[in-house]
Number of protein chains: 2
Amino acid sequence: MKSLLEIGEAAKSAKRVLAVTDTEKRNAALLAIASGLRKDVKEILQANRLDLENGEKAGLSAALLDRLALDEARIEGICAGVEKVAALPDPVGRLLDRVTRPNGLRIDKVSVPIGTIAVIFEARPNVSADSAALCLKSGNAAILRGGKEAIHSNMALVNSMRSAVEDAGLPADCIQLVEDTSRQSANELMTLNGYVDLLIPRGGRGLIQAVVQNASVPVIETGAGTCHVYVDRAADLEMALNILDNAKTSRPSVCNACECVLVHREVAQAFLPAMAARLAAHNVEIRADEQARAILPQATAATQDDWGREYNDYILACRIVDDVAQAVEHIAQYGTGHSEAIVTADEQTAAYFLANVDAAAVYHNASTRFTDGGEFGLGAEIGISTQKLHARGPLGLNELTSYKYIVHGNGQIR
Amino acid sequence: MKSLLEIGEAAKSAKRVLAVTDTEKRNAALLAIASGLRKDVKEILQANRLDLENGEKAGLSAALLDRLALDEARIEGICAGVEKVAALPDPVGRLLDRVTRPNGLRIDKVSVPIGTIAVIFEARPNVSADSAALCLKSGNAAILRGGKEAIHSNMALVNSMRSAVEDAGLPADCIQLVEDTSRQSANELMTLNGYVDLLIPRGGRGLIQAVVQNASVPVIETGAGTCHVYVDRAADLEMALNILDNAKTSRPSVCNACECVLVHREVAQAFLPAMAARLAAHNVEIRADEQARAILPQATAATQDDWGREYNDYILACRIVDDVAQAVEHIAQYGTGHSEAIVTADEQTAAYFLANVDAAAVYHNASTRFTDGGEFGLGAEIGISTQKLHARGPLGLNELTSYKYIVHGNGQIR
């Protein structure tokens, strides 16, 4: 088994080759990956079966086993995803800016790969193929470190991808897996300064917080989302119902789902009973403040702990507010800077909300569920950033690049 | 004395006000700062005298005392700098991108302040005014933490700036100084997650490394520069002499100064003696490899330790290489990703160098000394990033912003 330092060195060599590889070559490697995975489907499913058996023995929950499981359809989905990435525009080599200075220097700002991107993830083996494809497309060497539950699946997937990349004339080390799944290997990866240019944790809040606390390499924090929908006094209540229902119940486990509704006092009497009736179809538990419970006595009493909570479940916190300013205040205090929506027909109120709420995405009359690389037209995403450095919101291919300044002179000195 | 947590909370309030303040108000505050500093020059110089006296007692070096010292001319320089920042274009509120999706959602990507920016610096008190001005212009709350040597000067400068900002109708807490200069306060600031959106260390390599190792908040690494000039076989040797001389001797203490010259074997015989003669005017010590010493016997013998070394002094490492590929290899191994130059008349060789060298700025036929916010036309800079995340090279006002997606709908659900 390679040490982390050896993996880092190998990535350093691979990234230098990748940095000067043209679009066609990287795309050919992606297509080779897709056909390689199709060819190796038997070996991959066999490895996956081993992980599933071990998982059952270890008593993993049914939900976790489902995330871990692969079948032919899921592998075909992975392959189609890789081919889709191949078809996207090349994020590398874009001329971002050009200036000619009074002294005649021409300064071009050009997008380049970041270098080596490490991804730490949990039980879902598709993340390895998915992340590797996005890194390869954007000219970055990938170091993948999945959870121990998926180690055999990941080894099979990564072996297949490495062969394909090599067959396509690129170094196999463009894609590497950390086979040591101990906590120590994760910690070493987080502090591999000089080798890892960017570390992206993809997983639950525990993983992300561990990475943020322990990493000394640059990190993009992803994922945590406590999203609010504010139903204003001037809201079209039918529209508000549709948006809230969609934001809460279309997929409660994801980070762009709504966790809390804030309702303007003047429409609470009309809106809350209709909301409760609508959400009853999904058995949504409503945890309401005292004022809302005066209207909805069947709701659970919210405690302080419910504000800012990410349930990822069919539970909705509910609070009555005096006006948009109080809604903004609540979000400032309890939001995670992910996605926040206002429903209102009043343009001025909407403008206030959109300007004053500090989040990656702010919505006027639309569901928070749209915060997604595909929905934003980015083609693909490697996660959703909730920090403000480098990239915010969905991380597409462009967000996996950096830039360099290329300066052309004819002897200028300063 | 406020605790770090209290400072963080105060910045959180101030940044929310700043985030929705218009250009005119922020510029008015900057102009108020400049006139305030001019008005308070006596108090500032008095405080500075105290720092200088303490510094002398503590046995600080003459160089450090010089960096610490203020006088009327230096304060006027600070004020002029602040006024220059006020005159620059507003980096906030730029429409970076706009798409309308097939479902009718209009998605605007708009630049916004990062939030709270903390700056850790050393003995130069002008850094506090300079950093505060750039943060204020870009709508960010600033938390400044200077070295203990400059504490009285920094307190005087920051008190003056806070009054001016308040007079201009903005919260004084837009600019805060950490008055506790203990190591512990620095460590607390580096781990003030949830309050500090970006931490920028401005100082020597020791400070920067301490921040990179210990910070859990997002950091931009700045400053370390081991820059190379490669003199190709096809170089105009007169041009190469001028560029190298400028890169090495115009200001050896800065990070964009050249530390190592790489000379193509075929021109070494012609170039090295001329180089030695030219650099003798500044008594530059040349530390050469064996092959170069065969031509320049008077040079010191370089040791392994000289490759990649940042002298910040009148010392130059010197190595003969076989070709541009070996030059690129040397830079990949020993460079810090700051600024690298090639001198050549051969366009193909230049293109190879510019594509294969991974640095914030790569130069063809120009001095590395141009890597600077002013020289790049950014108007001002808060440092030079040597990492690839968020921003690379000179950090101007645009680099002190993030963005948010503002999404306009009419009831869209997913």
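Residues numbered from 1 in each chain as written. Chains lettered and ligands numbered in written order. Predicted model: local features only at pLDDT ≥ 70, side-chain atom pairs only at ≥ 80, totals over all residues.

> So what exactly am I meant to see when it comes to the domain arrangement of chain A here?
One widely used convention gives an interface's size as the accessible area the parts lose upon coming together. Domain parsing of chain A yields domain 1 (4–220 + 395–408) and domain 2 (227–370). With centres defined by C-alpha atoms, the gap from domain 1 of chain A to domain 2 of chain A works out at 36 Å. (Domains from an automatic or database assignment.)

> Explanation requested: the confidence of the model for chain A in the structure shown.
Low pLDDT marks stretches whose predicted atomic positions should not be read closely. In this model, chain A carries an average pLDDT of 96, and 100% of its residues clear a pLDDT of 70 or more. Both confidence scores are given for the complex: pTM 0.93, ipTM 0.94. (pLDDT = per-residue confidence, 0-100.)

> Can you help me understand the interface of chain B and chain A in this one?
Of the residues lining the interface, 59 residues belong to chain B; the matching set on chain A comes to 59 residues. Put simply, the parts of the chain that give the side of chain B that touches chain A at least two residues each are helix H1 (4–19), helix H9 (205–214), helix H10 (237–249), helix H14 (347–356), strand E13 (361–366) and strand E16 (401–412) of chain B. Class assignment of the residues belonging to the side of chain B that touches chain A gives a composition of 28 nonpolar, 21 polar and 10 charged. (Contact = placed C-beta atoms within 7 Å. Helix = DSSP H or I, 4+ residues; strand = E, 2+ residues; numbered from the N terminus. Nonpolar A, V, L, I, M, F, W, Y, C, P; charged D, E, K, R; others polar.)

> Help me understand the nonpolar core in this model?
In terms of nonpolar packing, the biggest core is built from 152 residues, with Ile-33 and Leu-199 of chain A together with Ile-33 and Leu-199 of chain B touching the most fellow members. Filtering out sequence-adjacent residues up to four positions away, Leu-199 of chain B remains in contact with Ala-118, Ile-120, Met-190, Val-211, Ala-215, Val-217, Pro-218 and Val-219 of chain B. (Core = buried A, V, L, I, M, F, W, Y, C linked by C-beta atoms within 7 Å. Buried ≥ 20, exposed ≤ 12 C-beta atoms within 10 Å, placed from the backbone.)

> For this particular structure, what's the right way to read the sheet that holds strand E8 (residues 258–264) of chain B?
Strand pairing in a sheet relies on backbone hydrogen bonds, with the paired strands running either antiparallel or parallel. Judged by pairing direction, the sheet is mixed, and its 10 strands sit side by side in the order E1(A)-E2(A)-E16(A)-E13(B)-E12(B)-E7(B)-E8(B)-E11(B)-E9(B)-E10(B) without closing on themselves. Edge positions in the open sheet fall to strand E1 (95–100) of chain A together with strand E10 (300–301) of chain B, since each of these has one partner strand only. (Pairing = 2+ DSSP bridges.)

> Sorry, what's going on with helix H6 (residues 126–137) of chain B here?
Each turn of an α-helix holds 3.6 residues, which means side chains three or four residues apart point in the same direction. Residue and element names in this part refer to chain B. Counted at 1.5 Å a residue, the expected span for H6 with its 12 residues is 16 Å, and the 17 Å between its end C-alpha atoms agrees. Counting buried residues along H6, 11 of its 12 residues qualify, which places the element largely inside the surrounding structure. All of the buried residues along H6 are Val-127, Ser-128, Ala-129, Asp-130, Ser-131, Ala-132, Ala-133, Leu-134, Cys-135, Leu-136 and Lys-137. Once H6 ends, the next one or two residues include Gly-139, with phi positive near 75 degrees. (Expected span 1.5 Å × (residues − 1).)

> Help me understand the relation of the copies chain B and chain A, please; the structure alone is not making it clear to me.
Applying a rotation about an axis and a shift along it to one chain copy brings it onto the other copy. Note on the identical chains: chain B maps onto chain A by a rotation of 180 degrees and an axial translation of 0.0 Å, with an RMSD of 0.1 Å. The two molecules are tied by a two-fold rotation axis, judged by turn and shift. Proximity to the rotation axis, assessed at the C-alpha, singles out His-390 of chain B in chain B; its C-alpha lies 1.7 Å from the axis. (Least-squares fit on C-alpha atoms with pLDDT ≥ 70 in both.)

> How should the pairing of strand E6 (residues 198–202) of chain B be read in this particular structure?
A regular strand places its side chains on the two faces of the sheet in alternate fashion. Residue and element names in this part refer to chain B. Within E6, 5 of the 5 residues are buried, which leaves it mostly tucked inside the rest of the structure. Neither face of E6 is exposed, since Leu-198, Ile-200 and Arg-202 on one face and Leu-199 and Pro-201 on the opposite face are all buried. As paired strands, strand E3 (residues 116–121) and E6 are joined by 5 bridges and run parallel to one another. Across the sheet, residue Ala-118 finds its bridge partner in E6, namely Leu-199.

> Got a minute to help me understand the sheet that holds strand E3 (residues 116–121) of chain A in this structure?
Residue and element names in this part refer to chain A. As summarised here, the arrangement of the 4 strands in space is E5-E4-E3-E6, forming an open sheet in which the pairing is parallel. Taken across any chain shown, the strands that pair with only one partner, and hence form the sheet edges, are strand E5 (175–177) and strand E6 (198–202). For this sheet the average axis-to-axis angle between neighbouring strands, irrespective of direction, equals 20 degrees. As paired strands, E3 and strand E4 (residues 141–145) are joined by 5 bridges and run parallel to one another. Within E4, the position partnered with Ile-120 by the bridge is Arg-145. Across the face of the sheet, helix H9 (residues 205–214) comes into contact with E3 and E6 while running at roughly 160 degrees to E6. (Axes fitted to C-alpha atoms, helices over the stretch in contact; angles between N-to-C directions.)

> Would you mind showing me how to read the environment of Tyr-363 of chain A here?
With respect to the helices, strands and loops of the structure, Tyr-363 of chain A is situated in strand E13 (residues 361–366). Sequence spacing of Tyr-363 of chain A and Ala-341 of chain A is 22 residues, and the spatial spacing of their C-alpha atoms is 4.4 Å. Other than its neighbours up to four places away in sequence, Tyr-363 of chain A contacts Ser-339, Glu-340, Ala-341 and Thr-368 of chain A together with Val-407 and Gly-409 of chain B.

> Please explain unusual backbone geometry as it appears in this structure.
Keep in mind that most residues, glycine aside, have a negative phi and that most peptide bonds are trans. Located in the positive-phi region is Asn-365 of chain A, a residue other than glycine, with phi close to 60 degrees. Structurally, Asn-365 of chain A can be placed in strand E13. Positive phi values are uncommon outside glycine, yet Asn-283 of chain B reaches one of about 50 degrees. Tracing the chain through its elements places Asn-283 of chain B in the loop between helix H11 (265–280) and strand E9 (285–288). Of the residues examined, Asn-283 of chain B has 8 C-beta atoms within 10 Å and is grouped as exposed.

> Quick question: what am I supposed to make of helix H5 (residues 72–87) of chain A here?
All names here are of chain A. Taking 1.5 Å of rise per residue, the 16 residues of H5 would be expected to cover 22 Å, and the 23 Å separating its terminal C-alpha atoms lies within 8% of that figure. Listed in full, the buried residues belonging to H5 are Ile-75, Ile-78, Cys-79, Val-82, Val-85 and Ala-86. When H5 is viewed along its axis, its buried side chains cluster within an angular range of 115 degrees and face the same direction. Among the exposed residues of H5, those pointing more than 90 degrees away from its buried face are Ala-73, Ala-80 and Ala-87. In this structure, the buried residues of H5 make contact with helix H2 (23–39), helix H3 (41–57) and helix H6 (126–137). (Arc of directions from axis to C-beta.)

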